[in-house]
Every structure is written in structure tokens, then in C-alpha cells.
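Summary of the model geometry
Spelled out, the chains give:
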Amino acid sequence: KTVLIVDDDPGSVELLKGILEKVGFAVAGAKDGREALAKLGITKPSLMIIDVLMPEMDGFAFFKELKKAKETENIPVLILTIRKNMEDSFLAMGANGFLSKPVDTEALLDTISKLSVRPAAAAKDAPFKTEEKK
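Residues numbered from 1 in each chain as written. Predicted model: local features only at pLDDT ≥ 70, side-chain atom pairs only at ≥ 80, totals over all residues. Heavy atoms only, no water.

**Quick look at the environment of lysine 1**
Operational definition: Secondary structure counts use DSSP, requiring at least four H or I residues in a row for a helix and at least two E residues in a row for a strand, with both numbered from the N terminus.
Of note, lysine 1 is situated in the segment before strand E1 (2–6). Spatially, the C-alpha atom of lysine 1 lies 7.1 Å from that of arginine 118, the residues being 117 residues apart in sequence.

**Re the sheet that holds strand E3 (residues 47–50)**
Applied cut-off: The pairing criterion is simple: DSSP has to find at least two bridges between the two strands. Between N-to-C directions, angles span 0 to 180 degrees; the directions come from axes that are lines fitted to C-alpha atoms, helices contributing only their stretch in contact. Throughout, a contact is declared for two residues whenever any of their heavy atoms are within 4.5 Å.
Overall, parallel pairing links the five strands, which are arranged E2-E1-E3-E4-E5 in an open sheet. Each having just a single partner strand, strand E2 (26–30) and strand E5 (97–100) make up the two edges of the open sheet. Across the sheet, the mean angle separating the axes of adjacent strands is 20° when strand polarity is ignored. Examined bridge by bridge, strand E4 (residues 77–81) and E5 share four bridges and lie parallel to one another. The residue bridging isoleucine 79 from the neighbouring strand is phenylalanine 98, located in E5. Against the sheet, helix H1 (residues 10–22) engages E1, E2, E3 and E4, with an angle of about 165° to E1.

**Re the packing of aromatic side chains**
In plain terms, the rule: Ring pairs are drawn from Phe, Tyr and Trp, using the six-membered ring of Trp, whenever the two centres fall within 6.5 Å, and their geometry is named by plane angle: stacked under 30 degrees, edge-to-face over 60, tilted for the rest. Throughout this description, buried means an accessible area under 20% of the type-specific maximum (1.4 Å probe, protein chains only), exposed means over 50%, and partly exposed covers the range between.
According to the stated counting rule, one finds two aromatic pairs in the structure shown. Aromatic pair phenylalanine 60 and phenylalanine 90: ring centres 5.8 Å apart, planes at 80°, arrangement edge-to-face. Of this pair, phenylalanine 60 sits in helix H3 (residues 59–68) while phenylalanine 90 is found in helix H4 (residues 87–93), placing the two residues 30 residues apart along the sequence. When its relative accessible area of 30% is taken as the criterion, phenylalanine 60 is described as partly exposed. On the numbers, 5.8 Å between centres and 80° between planes, the contact of phenylalanine 63 with phenylalanine 90 is edge-to-face. Within this pair, whereas phenylalanine 63 is found in helix H3, its partner phenylalanine 90 is found in helix H4, the two being separated by 27 residues in sequence. Across this residue pair, the class does not change: phenylalanine 63 and phenylalanine 90 are buried. Among the aromatic side chains, those forming a connected cluster through ring pairs are Phe60, Phe63 and Phe90.

**A short note on the pattern of salt bridges**
Operational definition: In the sections that follow, a salt bridge refers to a side-chain nitrogen of Lys or Arg positioned within 4 Å of a carboxyl oxygen of Asp or Glu.
Applying the stated criterion across every chain yields a total of seven salt bridges. Of the charged contacts in the structure, one is a salt bridge between aspartate 51 and lysine 101, with a shortest N-O distance of 3.6 Å. In this pair, aspartate 51 sits in the loop between E3 and H3 while lysine 101 sits in the loop between E5 and helix H5 (105–114), placing the two residues 50 residues apart along the sequence. The two residues aspartate 51 and lysine 101 agree in class, both being buried.

Written out as C-alpha cells, the structure reads:
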């Protein structure tokens with residue numbers, strides 16, 4: 001299963017990529033909505049994690065484009081942004097989840113699990129976790 005992360009901050013993309021790859025996801029990145037639309041012409045991810053504040057095409061405009069197209073309207077979308085006050089707007093528009101930055105690993109994985117998106121390496125109905133804390 002592939003997750004497409006749409007965020008203009010390379011540090012955020014690398015952090016998310018590390019978390020998601022540890023639990024078995026393949027990860028692709030795009031720096032803004034325009035680049036993400038181009039990648040969607042090549043592959044269909046199982047989940048998209050989208051930031052809001054980006055150049056070229058921000059997360060709000062990208063989300064609206066995503067939901068217009070038959071090929072992409074049903075891809076689960078998790079909004080991950082520093083803009084906490086936008087949660088109601090995105091959820092009303094059909095986003096499947098909303099988390100605030102900085103990202104909490106357990107909250108991220110729990111939200112993804114609730115969306116029923118599992119990494120390819122995980123058992124069908126088993127929850128996935130990062131390494132146990134000692």
C-alpha cells in the first residue's frame with residue numbers, strides 16, 4: 001500500500017516517511033497540489049496525507065480537485081497541518097481525518113488504522129504499531 005504525502009516541508013515529509021515505512025507502507029511525496037495531481041496520473045495511493053499551507057496549489061484547492069475526479073474521489077485523505085482551526089471545514093468537505101502538527105506518531109498511526117488503511121506487510125485485521133517503548 002502506498003501513501004502520498006503532499007507537503008512543501010521536506011523535514012515533515014522525511015519524518016512521516018520514516019514513520020510510515022517502519023510499519024510497512026511505501027511512501028511517495030509531492031511538494032504541492034500540482035505535483036501531487038501529476039503523480040496521481042501515474043499511481044493511485046491507498047491514502048493521502050495533505051498539508052494545507054503550500055505554494056502553487058495549497059491543500060484546500062488540491063483537496064477540492066481530488067474530490068471532483070471519479071478516479072480519486074474515494075481515496076482516504078488525512079489533513080495534517082499547523083492550522084488547527086481548519087478541522088471543521090475539511091471534515092465538512094469530506095476529509096477522512098485531521099491532525100495538527102507537530103505530528104504525534106501514535107495519533108497518526110491510530111488515525112490511519114481507523115481509516116482501515118493497512119500497510120502491505122501487516123496482517124489484514126491486525127493493528128500496526130511502531131516499536132514498543134521501553
